[in-house]
Amino acid sequence: MDKNPSLNNIKKFEFTEILGWSVSRFDKFNLCKRQYWYDYYPRYDKEFPPERLKYLKALTSIPLETGNIVHDTVKTLLERLLESEKPVDKKRFLDFIARKTEEYCAKKNFFEVHYGAAKEVDVKAVAKTVSSNLLNFLESPRYDWIIKKAVTNKQGWVIEPPGYGETRIKGMKAYCKVDFLFPVDGSIYILDWKTGKQDPVKHKKQLTGYATWASYHFGAKPGDIHPIAAYMSPKYSEMEIKVNELDVQEFASTVSSDTGKMYEYCADPERNVPKEKETFKKTDNMKICNWCSYRELCW
């Protein structure tokens, strides 16, 4: 393994049209084929104007935007640590969160407002939730460990690398974008920020993907990689998984199987051209429909 993983070590790939696997893409595929169609193939839709599909796809939700603000603020916090290890001024930090929340909420269209669940977004309530998540992290043993241990090798920090985390798994295109990767004592640590509920099965799959990504790009042995889901709420907690060569091989098999299932909905897999829209059936699970941005198109 390179002593100092960095952005320069991340391999680049020429553009190809073939679809790429990701946890989020396959989850959407499993959730509802019609929602998957609108998310990934709107340019092929002949029923609704592209502007309407683009608007609905861009709808955010209060929980989703809370997570976005937390992720972006942690990124800013870590980038600050690259320059200075001075203690964070909590008052200034909370003021920064309030401004950032107001800024983010002002430029987004919310699912809850669009579908009448709320007249407007309570920005102060969102900022309060964001602040709670971030203060939990700041006061956690992990943050203390980062500023005492991980800062000794800042040259190896990779903080939300640009792009979508494209990689290759047994030759297949895949996307596994890490939040924060850094070396400590010859090992690689990966932290993935979580602001929602714990989902051990889904998150283990994500973490294995990040470990596979790190092994591919930095030449690290799977056993030397420590992928960790960092839960910010209701209090700070973590789920770390152990990864070995067999786990990586099994993960590659899972990616191959998942990708094959998505290929079946392509008229031309190499060019990622979908079959007809009618092939992508609507779910009959109304709980999924109730939280779908495209529900007005189906009801």
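Attention in this report is confined to the structure presented alongside it. Just so you know, these numbers come straight off a predicted model, no measurement behind them.

Overview of the environment of Glu238
Argument step 1. Secondary-structure assignment places Glu238 in strand E7 (residues 237-240).
Argument step 2. Note on Glu238: relative accessible area 32%, which makes it partly exposed.
Argument step 3. Linking Glu238 and Gln198, residues 40 residues apart in sequence, is a C-alpha distance of 9.7 Å.
Argument step 4. Excluding residues that lie within four positions of it along the chain, Glu238 makes contacts with Arg142, Leu191, Ile228, Ala229, Ala230 and Tyr231.
Argument step 5. Side chain to side chain, Glu238 and Arg142 meet in a polar contact 2.7 Å long.
Argument step 6. Polar side-chain contacts of Glu238 include one of 2.6 Å to the side chain of Tyr236.

Re the packing of helix H1 (residues 23-31) against helix H10 (residues 245-263)
Argument step 1. Closest axis-to-axis distance for the H1/H10 pair is 11 Å, and the angle between their directions is 50°. Put simply, H1 runs oblique to H10. Where H1 crosses over H10, the two elements pack in a sense that is left-handed. For the pair H1 and H10, the contacting residues are Arg25, Phe26 and Phe29 in the first and Asp258, Lys261 and Met262 in the second.
Argument step 2. Across the contact of H1 with H10, the residue classes break down as three nonpolar, no polar and three charged.

Reading the values: rules and limits
- Residues numbered from 1 in each chain as written.
- Predicted model: local features only at pLDDT ≥ 70, side-chain atom pairs only at ≥ 80, totals over all residues.
- Heavy atoms only, no water.
- Helix = DSSP H or I, 4+ residues; strand = E, 2+ residues; numbered from the N terminus.
- Buried < 20%, exposed > 50% of the residue type's maximum accessible area, 1.4 Å probe, protein only.
- Contact = heavy atoms within 4.5 Å.
- Polar contact = N/O pair within 3.5 Å; in protein donor to acceptor, adjacent residues only side chain to side chain.
- Axes fitted to C-alpha atoms, helices over the stretch in contact; angles between N-to-C directions.
- Parallel < 35°, antiparallel > 145°, perpendicular 65-115°, else oblique.
- Left-handed = near helix turned anticlockwise from the far one by under 90°.
- Nonpolar A, V, L, I, M, F, W, Y, C, P; charged D, E, K, R; others polar.

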